[in-house]
Amino acid sequence: MNQLPIYNPATGELITEVPADDAASVAAKSQQARAAQAHWATVPLAERKACITRFRAAIVAELDALAATMTRETGKPIKMSRNELNGLLGRIDFFLAEVDSSTATQTVFNDGGMTEQIEHIPLGVVANISAWNYPWFVGGNVFIPALLTGNAVLYKPSEYATMTGLAIARLLHAAGVPQDVFVPLIGGAAVGAALLEQRIDGLFFTGSYATGAKLAQAMGQRLVKLQLELGGKDPTYVCDDADPQTAAESLADGAMYNTGQSCCSVERIYVHEKIYDAFVAAFVATVKTFEVGDPMLDSTYIGAITRAPQLDVLDAQVADAQARGATLLVGGHRLAGPGNGYAPTVFANVNHGMELMREESFGPIIGIQKVASDAEAVRLMNDTRYGLTAGVFTPDEARAKALLAQVNAGSVYWNCCDRVSPRLPWSGYGDSGMGLTLSTYGIQTFTRPKAWHLRQV
Ligand code: NAD
């Protein structure tokens, strides 16, 4: 069997090697999942919920160890690993509370002996190809509602979050989800590609636009339900009536949390010229307080860049911005020492001619652009092929809502940023994806409606 090496991105050290799948094992496991799904769909919802409730309890019991595992393999600062696991508990609670009403059969007409009903039946066997940056969140958004609604899940964690993926499988199986109903498939792109060859009833992908587009092309002829949660270039506009200090503190966190490796990281900032200088000064001062270092330490705020090739993307964006006249205020370079460190980096005087303002950075780097009016800010916010999130900072609710209504993004934020709620649908517009997770729609998305026309005779 192949072995997959797992490295610590903060130190460069080999952590372990784990057995990986190949095309033959992916095919065999997919067939086992197909055989097991029919029975799982007949297990009463209360029992499936009991499994997920036990899974939740196991996460609570092992939280510190699970957080340490995630930090070792991804370089995520340990406090943020704990935050992710604690945040997942709320998402599980939401799914448990809402699954009954979201999937109950509805009678929508009943008159003159004719009854019409909508039933929600599971899709069947769903593939979940996942990202490493929030492996519990982005995986859990899929496999928890998918399992609750009676699907079998073929789960391919990112090769950069494999140990977490294996921990998820271990805890689900111990909680009573059958081995063939939740099936981890271990490996990188080749294992993901092999998974696409199988007979599946849904493909739920989280990752980059480049990979998502490849998957869409590969699935083109197949007419299988496809959901893609992809990257973004998320903008925020700070209006002239906003408090520059408060906005700067919030947005520095939104840009740099998880070392800037969040799909909804703030990636572009526009500031009204009246408060631009005050905002930039407060932003840089905030960034300078961020502790950079060993992700295992509680005090660390900036950890490692998980994928080494991303360092080249950051270097290229920095070089391009400098060549085009941006002002580097702090950072702008890799960190010395072993591991994938990058200094928190802030540029002022940027424009849309720069790669930094157009393509996802996915690192602790941000450009701040001056604007002269609300209209200019809206035009720039919409000058992108992505559309995941966007925000406006102003005390004026009506102004914020009027601006955000014009912005092409799946989630919009007033005086906040980098925020995901289980109660709201999570979806990207444009090249940020298609389909959705979370909210009650994100439960129903793992089912298909069956329409019943029933006449009494
Ligand atoms: P990636 O596209 O490199 O990989 C994602 C997954 O796809 C991995 O499991 C990988 O092994 C697999 N894969 C790669 N090539 C494949 C192929 N040819 N066939 C099948 N599978 C293949 O992305 P990543 O680096 O893991 O994640 C970072 C990206 O994910 C960023 O762009 C980020 O914005 C995005 N993201 C989006 C959301 C969201 O909710 N919209 C959430 C988290 C991350």
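Scoring rules and cut-offs
- Residues numbered from 1 in each chain as written.
- Predicted model: local features only at pLDDT ≥ 70, side-chain atom pairs only at ≥ 80, totals over all residues.
- Heavy atoms only, no water.
- Salt bridge = Lys/Arg side-chain N within 4 Å of Asp/Glu carboxyl O.
- Helix = DSSP H or I, 4+ residues; strand = E, 2+ residues; numbered from the N terminus.
- Buried < 20%, exposed > 50% of the residue type's maximum accessible area, 1.4 Å probe, protein only.
- Pairing = 2+ DSSP bridges.
- Axes fitted to C-alpha atoms, helices over the stretch in contact; angles between N-to-C directions.
- Core = buried A, V, L, I, M, F, W, Y, C linked by side-chain atoms within 4.5 Å.
- Domains from an automatic or database assignment.
- Contact = heavy atoms within 4.5 Å.
- Near = heavy atom within 4 Å.
- Polar contact = N/O pair within 3.5 Å; in protein donor to acceptor, adjacent residues only side chain to side chain.
- Areas by Shrake-Rupley, 256 points an atom, 1.4 Å probe, with all protein chains shown as cover.
- Phe/Tyr/Trp six-rings, centres within 6.5 Å; stacked < 30°, edge-to-face > 60°.
- Lys NZ or Arg CZ within 6 Å of the ring centre and 35° of its normal.

Q: Lay out the pattern of salt bridges in plain terms, naming residues and giving numbers.
A: A full pass over the atoms with the stated rule returns 21 salt bridges. Note that Glu62 and Arg170 form a salt bridge whose closest N and O atoms lie 2.9 Å from each other. Here Glu62 is found in the loop between α2 (45-61) and α3 (63-74), whereas its partner Arg170 is found in helix α6 (residues 162-174), with 108 residues between them in sequence. For Arg170, a relative accessible area of 44% corresponds to the partly exposed category. A network of salt bridges, in which partner residues are shared, links Asp240, Asp241, Lys274, Asp374 and Arg399.

Q: Account for the sheet that holds strand β3 (residues 106-111), with residues named and values stated.
A: The strand order across the open sheet built from three strands is β3-β4-β20, with neighbouring strands paired in antiparallel fashion. Of all the strands in the sheet, the pair left with one neighbour each is β3 and β20 (447-455). For this sheet the average axis-to-axis angle between neighbouring strands, irrespective of direction, equals 20 degrees. Here β3 runs beside strand β4 (residues 114-122); their pairing, made up of five bridges, is antiparallel. From the neighbouring strand, Gln106 faces β4, where its bridge partner is Ile118.

Q: Run through the nonpolar core, naming residues and quoting values.
A: Taken as a class, soluble globular proteins show a tendency for nonpolar side chains to be buried jointly. Core analysis: the largest hydrophobic core is formed by 85 residues, its most contacted members being Phe55, Phe279 and Phe283. The element contributing the most residues to this core is helix α4 (residues 78-103), with ten residues. Both of domain 1 (3-230 + 432-455) and domain 2 (234-421) provide at least three residues apiece to this core. Those residues in contact with Phe283 that lie beyond four places of it in its chain are Ala248, Leu251, Ala252, Ala255, Ile269, Val346, Ile366 and Ile368. Ala326, Ala377, Ala400 and Val407 belong to the second largest nonpolar core, which has 28 residues in total.

Q: Before we move on, can you summarise the sheet that holds strand β17 (residues 411-414) with the specific residues and values?
A: The mixed open sheet is built from seven strands, whose spatial order is β12-β13-β14-β11-β10-β16-β17. At either end of the open sheet lies a strand with only one pairing partner, and these are β12 (327-330) and β17. In this sheet, adjacent strand axes meet at a mean angle of 20 degrees when their direction is disregarded. Sheet contacts for helix α10 (residues 276-288): β10 (234-238), β11 (266-272), β12, β13 (345-348) and β14 (365-371); angle to β14, the most-contacted strand, approximately 170 degrees.

Q: Give a detailed account of the site of the ligand, specifying residues and quantitative values.
A: Residues in contact with the ligand amount to 29 residues; listed here are only the nearest, Ser130, Glu159, Ser208, Thr211 and Glu360. Within the backbone of Ser130, one N or O atom sits 2.7 Å away from an oxygen atom of the ligand. At 2.8 Å, a backbone N or O of Leu230 approaches a nitrogen atom of the ligand. Look at the ligand: alone it shows 850 Å² of surface, and the protein chains cover 91% of it.

Q: Now, about the packing of aromatic side chains: what can you tell me, with residues and values included?
A: All chains considered together, the criterion is met by eleven aromatic pairs. On the numbers, 5.8 Å between centres and 25 degrees between planes, the contact of Tyr134 with Phe137 is stacked. For the pair shown, Tyr134 and Phe137 are each scored as buried. Judged by centre distance (5.3 Å) and plane angle (70 degrees), the rings of Phe143 and Phe182 are edge-to-face. Here the residue Phe143 occupies a position in helix α5 (residues 135-148), and Phe182 occupies one in strand β7 (residues 182-184), the gap between them amounting to 39 residues. An identical accessibility class is assigned to Phe143 and Phe182; each is buried. Taken together through their ring pairs, the aromatic side chains of Phe55, Trp136, Phe143, Tyr155 and Phe182 make up a single cluster. Here the basic side chain of Lys76 rests over the ring of Tyr134, its NZ or CZ set 3.8 Å away from the ring centre. The ring of Tyr209 carries the charged tip of Arg385 above its face, separated from the ring centre by 4.6 Å.

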